[in-house]
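Listed below are the residues making up each chain.
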Amino acid sequence: MSSRPVGIDIEAAPQKSALTHADGDEIIAAHDVHKTYAGAGEPVHALRGVTLSVARGEMVTIMGPSGCGKTTLLNCLSGLETIEQGEIFVEGRSIHDMPDTERTDHRARRMGFVFQFYNLLPVLSSVENVELPLLLGGVGQRESRERAMLALENVGLTDWAGHRPAQLSGGQRQRVTIARALVNEPAIVWGDEPTGDLDSTNANQIMDLLEDLNQRNQQTFVIVTHDENIGRRANRTILMRDGLIEGETIHRALGS
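Source: prediction; values computed, not measured. (Residues numbered from 1 in each chain as written. Predicted model: local features only at pLDDT ≥ 70, side-chain atom pairs only at ≥ 80, totals over all residues. Heavy atoms only, no water.)

Further remarks concern the overall build of the protein. Each helix and strand in the protein was counted, giving seven helices and 10 strands. Here the protein, with 256 residues, has 48% of them falling under the buried criterion. Taking the contacts inside the protein whose residues are at least 6 apart along the sequence as the reference set, 68% of them involve residues at least 24 apart. (Helix = DSSP H or I, 4+ residues; strand = E, 2+ residues; numbered from the N terminus. Buried < 20%, exposed > 50% of the residue type's maximum accessible area, 1.4 Å probe, protein only. Contact = heavy atoms within 4.5 Å.)

Shown next, in the form of structure tokens:
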């Protein structure tokens, strides 16, 4: 990665995107992806031919103005939304060629999600929220509890395991959300404005945590954000506008 130029415009190299890794160790690869939403008037072309790749163990941020297609891209890459045209491969498999049940199972086993709003169940404690995906996936109660407690330890919340969301600060609730996203030891963690509901101090603490987990566990992180300070903390930032990728900025080499 370190040999690639900073801020390259992909239109200057349409045959070989600047977003394609030379080492070939891609965990996410998308080619000519299109996504359109039907509206009351004209259809909305949210993605208009997006090509990119993400290396295994990389942290990537996606940035651009409101309505440029950032969240749509994340949802399509993860298989939460379908596409009309193009190809998306995750861990070497075409995510959109999978039957619905298989795609759902793949997300549950191999992906984690962290959103701006915490989506924690208010009647459950921290540890119960974290262990819920394991229980739903058929993991036994004892193992689920042990793995949930380890996930909370990894985010520094062991002492808050018995607290419900209303008893936690915003930063603590987001840490529980991260623990829940990581409890299955996913290969890829997707974040949609994971610091958007936090003040700057808590946002930086959450990014410290995500960076540490990324480097310690070699998990891949793809994060949508509007915050340039957050964007610069990734290996690179993908820049979007009007459903297209304008280019990228490299901040640090993979593994550094």
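Running from N to C, helix 3 (residues 126-136) and helix 5 (residues 170-182) cross one another at 25 degrees; their axes reach a closest spacing of 8 Å. On the basis of the axis angle, helix 3 is roughly parallel to helix 5. Crossing geometry of helix 3 relative to helix 5 is assigned as right-handed. Counting all contacts with helix 3, which are made through S126, N129, V130 and P133, the residues of helix 5 involved are V176, A179 and R180. Of the residues that constitute the contact of helix 3 with helix 5, the class distribution is four nonpolar, two polar and one charged. (Axes fitted to C-alpha atoms, helices over the stretch in contact; angles between N-to-C directions. Parallel < 35°, antiparallel > 145°, perpendicular 65-115°, else oblique. Left-handed = near helix turned anticlockwise from the far one by under 90°. Nonpolar A, V, L, I, M, F, W, Y, C, P; charged D, E, K, R; others polar.)

Within the largest apolar cluster, 31 residues are counted, with the highest numbers of intra-cluster contacts made by V130, L152, I178 and L210. Those elements giving two or more residues to this core turn out to be helix 3, helix 4 (141-154), helix 5, helix 6 (200-217) and strand 8 (220-224). Broken down by element, the residue count for this core peaks at six residues, all from helix 6. (Core = buried A, V, L, I, M, F, W, Y, C linked by side-chain atoms within 4.5 Å.)

Counting across every chain of the model gives 17 salt bridges. When the shortest N-O distance is used, the salt bridge between R147 and E143 registers 3.2 Å. Taken as a pair, R147 and E143 lie in helix 4 at a separation of four residues, close to a single helical turn. For R147, a relative accessible area of 26% gives the class partly exposed. One network of salt bridges, in which partners are shared, links D208, E211, R233 and R252. (Salt bridge = Lys/Arg side-chain N within 4 Å of Asp/Glu carboxyl O.)

Functional significance is not addressed by these values, which are geometric in nature.
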